[in-house]
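# Coordinates in review
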Amino acid sequence: MVLIAWIYLLGICLGGCILWEARKHAKVQNGNNVSLLQGLGMIAWGVGHLLLLQSWMWVQNLSVPVFLAFYVLFLWSLHRFPLPASLSYERWKAVMDLSMLIGIYVVIAIFNWLSKDIDNTFTDFMQLYSGLLLFVPALCLLAGNELTAKSPTRTSRRKLLLATIGFLAVVVIHPYLPVFARDAALLTVSIGLWLGHRWYGKIDGNDAFDSTYEFLYAKLKFSYYDGIVILILMIGTAASLILIPEIPFEGKVGLALGILLCANRFFLSKRCNHQLLNELFLSVNQLEENYSAQLLALQEKNSQLTQLLGLNRNYEFLLNARNDIQIRPVTADSLQDLVEELVGNWYARVHTITFLRLTLESEEGVMYHGAQLGATDHPGVILRVTEQMKVDDLPDPMKLIRFVTLTAEVKAGESGEKELDPTFFRFLLLHVHDYILRCLDDRRSVAFRGLEKEMELAQRLQSLLVPREQLTLDRLIARTVYSPVTYVGGDYIDYIRMDERFTCFIVADVSGHGLPASLLATGIRSAVRAVLQKSCAPDEILSRLNQLLYDDLSKTRSFITMLVMVYDGVEHKLRLSRAGHPQPLYVSATKQVVLPCAGGVGLGLLPNSTYVSEDLSLDESAMMLVYTDGLLDRGGSNNQAYSKKWLEDLTVLLGNPAVNCISTMDRVEAFLWEKTRNLPQTDDISVLIMQFQPLENDPYVHSGDRSPSVYSSNMPNATLIKEVKP
């Protein structure tokens, strides 16, 4: 007695745990949460049995409504189980099942109460019959759950349903089990039900069916299962009433009421199934109609595809015909021959054309050129078409031609269908127009070739203005690298001996590319030489150049970045001034930096710009590169980091010993081309390489660098990386 009481207490605790699980679920509202209902039901089950264990009759009487609450809560939880809408119980079925349970229970309880005795026989009988009433929806739900698609949700529902069915089975049969088996079974199924609710998780029950037919079919099958189980319950109840005479009077009354309610429920379910079957037939008919409509649409698409293939074949004939006619210069006199050749090729290749005429007409309808083949009014003609296109881009003396007109008659193809439509003939008109223009372009290409020769001449002239020979002073060597992105470029690089002491070095970059930039670059050369007649300080040179070029640059909306350096051969120092130009790279034994020289705005941006001059002492052997931003175009937006990468690579190069007596200047120049020629060039490249005469035993240069050499470069264009100008 004590052990079974502890098991009932454990059931109450596990019911509380199930209620705690219900708090985690989303659908607690409206009393429709399965864990909430079954948790309360399990508490009612434990409390009812504890009341029944008491010796006082009035306490035992309290167990009757508590047990009723247990069965009602479990039955309602099964009717609210979260299956898809097609597999759930209708509300009227839930109301009838609850009414059946409550009615039978109350009738038997009243008759038993009138007999002034509530014994174990009454309790066991009520548990048996009420448990059977709960098995009906539980088994239907288990069968309906298997109708859904395989998913973790279906597996979780199956586990919870099996735990519920196991609990109800033990509740029904435990009075007839041995004590040890009873206690073990109750303990096992109580824990199993709690675990089932833990596995249950957050099931939303939103399994959707793909079509109305599948929805109705699943709903009909679920309702069919429900009807069969109700019928079996009704037959079993009637058989018990007939075959078991020991059933007390109140039990017989309750069973008779159950048979009536089951019969009513069965016939209502059968009528509902009949309605569902009619809806299913209507859905099948709708599916057949949709299938027929899709089949007709597919046949229509196949017909269109067949016609399209025929058109494609004719378009291929047209393209082949165009390839057969050689492009040649066309004049007003030879245009008639071209029209006749086009008509002849089309008529011969497209076999469904029975008549074809092409004319070139004026705006007043006067025909200048025309040709036709075939005969009109062929007996098998299924299409007559006339298309006209206006043209207004022909040169003299063909400007009088304003319209191209095409008239055609078409017969059926091999399959008996129309293979050509007006679209095809509009395409022919476009082809005529395009073909005439292509012939005219062939005549124009002669002029283009002449222009190309002039551009090549301009390239040679500009290259002559770039210093080609290496400049060699007592303690300085300079060399240029120049590569425009097109025939001519907008970079300017130069070094000019001002006198025996001073030498001016200039590197500039005009905004833009090509011929306009090259014209401005050529103007810089003349302006520089004029300014150097009166100024020798680099900041003054920039200011005077800005004043001299500002009007022309502002008119053309251009600007120039420039770096001017004046070398003092006596003091062996370099004075430099910068106008928005990239900072040079400086490498020596003790310093490898991007020179942080101050910079002003580019020339042509402000009318009265001033610039800062800085001195660079040349106390050690060093190499310096002054370049335009074309050298950094491969750096993308991170030009500062890429300039440092150039500095690092140059440092490594100069730190390595020379091989085969190659001079440092040659090594640096080869290094520049090797680094920049791997990608297409997108901007002009100009680099001034300056080597300050080294001291003895300098690790950066070879002794051969002291001897002057003539520079002649045949290097290819470099691949460029753009730097944002400061």
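Residues numbered from 1 in each chain as written. Predicted model: local features only at pLDDT ≥ 70, side-chain atom pairs only at ≥ 80, totals over all residues. Heavy atoms only, no water.

## Here we look at the overall build of the protein chain
Scanning the protein chain from terminus to terminus reveals 15 helices and 16 strands. In the protein chain, buried positions account for 47% of the 726 residues. Partitioning the contacts of the protein chain with sequence separation of at least 6, the portion at a separation of at least 24 is 75%. For the protein chain, the accessible area works out to roughly 35700 Å², and carbon and sulfur atoms hold 59% of it. (Helix = DSSP H or I, 4+ residues; strand = E, 2+ residues; numbered from the N terminus. Buried < 20%, exposed > 50% of the residue type's maximum accessible area, 1.4 Å probe, protein only. Contact = heavy atoms within 4.5 Å. Areas by Shrake-Rupley, 256 points an atom, 1.4 Å probe, with all protein chains shown as cover.)

## Details of the packing of aromatic side chains
Throughout the structure, instances matching the rule amount to seven aromatic pairs. Considering the side-chain rings of Y8 and W45, the 5.4 Å spacing of their centres and the 85° angle between planes classify their relative orientation as edge-to-face. In this pair, Y8 sits in helix α1 (residues 2-22) while W45 sits in helix α2 (residues 34-52), placing the two residues 37 residues apart along the sequence. Considered together, Y8 and W45 belong to a single accessibility category, that of buried residues. Ring geometry for W646 versus F671: centroids 5.7 Å apart, planes at 85°, classification edge-to-face. You can see W646 sitting in helix α14 (residues 639-655) and its partner F671 sitting in helix α15 (residues 664-676), a full 25 residues away along the chain. (Phe/Tyr/Trp six-rings, centres within 6.5 Å; stacked < 30°, edge-to-face > 60°.)

## A short note on the sheet that holds strand β3 (residues 381-390)
Across the sheet, four strands lie side by side as β2-β1-β4-β3; this open sheet has antiparallel pairing. The outermost strands of the open sheet, each flanked by one partner alone, are β2 (367-374) and β3. Averaged over all pairs of adjacent strands, the angle between strand axes in this sheet comes to 5°, irrespective of strand direction. Across seven bridges, the pairing between strand β1 (residues 353-361) and β2 is antiparallel. By the bridge assignment, E361 is partnered in β2 with M367. Contacting β1, β2 and β4 (403-411), helix α10 (residues 335-349) crosses the sheet at an angle of about 25° to β2. (Pairing = 2+ DSSP bridges. Axes fitted to C-alpha atoms, helices over the stretch in contact; angles between N-to-C directions.)

## Section: the nonpolar core
Core analysis: the biggest nonpolar cluster contains 57 residues, and F70, Y71 and F167 have the highest contact counts within it. Broken down by element, the residue count for this core peaks at 10 residues, all from helix α3 (residues 57-79). Residue contacts for F70: discarding those within four places in its chain leaves G41, A44, W45, F167, L168 and V171. Grouped together as the second largest cluster of nonpolar side chains are 31 residues, L358, L360, I401 and L406 included. (Core = buried A, V, L, I, M, F, W, Y, C linked by side-chain atoms within 4.5 Å.)

## Quick look at the environment of L383
Residue position: L383 is located in strand β3. Taking C-alpha positions, L383 is 5.8 Å from E409, a pair spaced 26 residues apart along the chain.

## Quick look at the pattern of salt bridges
Once their charged atoms are close, side chains differing in charge can pair, the charge on each being opposite to the other. Throughout the structure, instances matching the rule amount to 10 salt bridges. Residue D615 is joined to R575 by a salt bridge in which the shortest nitrogen-to-oxygen separation is 2.8 Å. Separated by 40 residues along the polypeptide, D615 in strand β14 (residues 614-617) and R575 in strand β10 (residues 573-579) bring together distant segments of the chain. When its relative accessible area of 33% is taken as the criterion, R575 is described as partly exposed. Beyond isolated ion pairs, a larger network of salt bridges with shared partners links R501, D568, E571, K573, R575 and D615. (Salt bridge = Lys/Arg side-chain N within 4 Å of Asp/Glu carboxyl O.)

## Comments concerning empty space enclosed by the protein
All told, the structure shown has five cavities of 30 Å³ or more when counted by the stated rule. In this structure, the largest cavity encloses a volume near 100 Å³. Lining the largest cavity are Q462, L465, V466, Y482, D491, Y492, I493, A521, T522 and R525. Of all the elements in the fold, those that place two or more residues in the lining of the largest cavity are α11 (422-465), β7 (491-497) and α12 (514-531). Here the lining of the largest cavity is composed, by residue class, of six nonpolar, two polar and two charged. Roughly 60 Å³ of volume is contained in the second largest cavity. L75, D97, M100, L101, L133, V136, P137, I230 and L233 together form the lining of the second largest cavity. Broken down by secondary-structure element, the contributors of at least two residues to the lining of the second largest cavity are α4 (91-114), α5 (120-145) and α8 (212-243). Partitioned by chemical class, the residues of the lining of the second largest cavity number eight nonpolar, no polar and one charged. (1 Å grid on protein atoms, 1.4 Å probe; cavity = no way out; pocket = protein on both sides within 12 Å on 5 of 7 lines; lining within 4 Å. Points joined across faces, edges and corners; volume = space filled by probe spheres on them. Nonpolar A, V, L, I, M, F, W, Y, C, P; charged D, E, K, R; others polar.)

## Some thoughts on the confidence of the model for the protein chain
Predicted confidence across the protein chain gives a mean pLDDT of 76, with 75% of residues reaching 70 or more. When mean pLDDT is taken per element in the protein chain, strand β9 (residues 560-568) scores highest with 94 and α5 scores lowest with 68. Here residues 26-31 scores under 50 on pLDDT; set against residues more than four positions off or in separate chains, the count is nine contacts. Contacts for the low-pLDDT stretch residues 697-726, under 50 throughout, to residues beyond four places or in other chains number 113 contacts. (pLDDT = per-residue confidence, 0-100.)

## As for α12
Relative to the 26 Å expected for 18 residues at 1.5 Å per residue, α12 spans 26 Å between its end C-alpha atoms, a close match to the ideal helical length. For α12, the complete set of buried residues consists of G514, A517, S518, A521, I524, A527, V528 and V531. (Expected span 1.5 Å × (residues − 1).)

## Structural notes on the pairing of β4
With respect to burial, β4 is a largely interior element, eight of its nine residues being buried. Here eight bridges tie β1 to β4, and the two strands are oriented antiparallel to one another. Residue pairing across strands places L360 opposite V404, the latter belonging to β4. Bridge count between β3 and β4: nine bridges; the pairing is antiparallel. Within the sheet, the bridge partner assigned to V385 lies in β4 and is A408.

## Observations regarding the sheet that holds strand β11 (residues 585-588)
Working definition: the strands of a sheet are paired by backbone hydrogen bonds and lie parallel or antiparallel to each other. A sheet is described by the order of its strands in space; here six strands give the open sequence β5-β6-β16-β15-β11-β12, paired in antiparallel fashion. The open sheet terminates on both sides in strands that have one partner only, identified here as β5 (471-472) and β12 (592-594). Examined bridge by bridge, strand β6 (residues 476-483) and strand β16 (residues 685-692) share eight bridges and lie antiparallel to one another. Residue pairing for β16: V481 is matched across the bridge by V687. Seen against the sheet, α15 touches β6, β15 (622-627) and β16 and runs at an angle of roughly 20° to β6.

## Looking at the packing of α12 against helix α13 (residues 538-555)
Packing of α12 against α13 leaves a shortest axis separation of 10 Å and a crossing angle of 140°. Between α12 and α13, the crossing angle belongs to the class labelled oblique. Relative to α13, α12 is oriented so that their crossing is right-handed. Contacts between α12 and α13 pair L520, I524, A527, V528 and V531 from the former with I541, R544, L545, L548, L549 and L553 from the latter. Within the contact of α12 with α13, the residues separate by chemical class into 10 nonpolar, no polar and one charged. (Parallel < 35°, antiparallel > 145°, perpendicular 65-115°, else oblique. Left-handed = near helix turned anticlockwise from the far one by under 90°.)

## So, the state of the cysteines
Evaluation of the coordinates by the stated rule reveals zero disulfides. Looking at C536, it has no disulfide partner, and the nearest cysteine sulfur is the one in C504, 9.7 Å off. Overall, C536 belongs to the partly exposed group, its relative accessible area being 44%. (Disulfide = S-S within 2.5 Å.)

## Quick word on the packing of α2 against helix α6 (residues 152-173)
Packing of α2 against α6 leaves a shortest axis separation of 13 Å and a crossing angle of 20°. In this view, α2 runs roughly parallel relative to α6, as classed from their interaxial angle. Crossing of α2 against α6: the hand is left-handed. Contacts between α2 and α6 involve V34, Q38, M42 and W45 on the former and, on the latter, L160, T164, F167 and V171. When grouped by side-chain class, the residues that make up the contact of α2 with α6 number six nonpolar, two polar and no charged.

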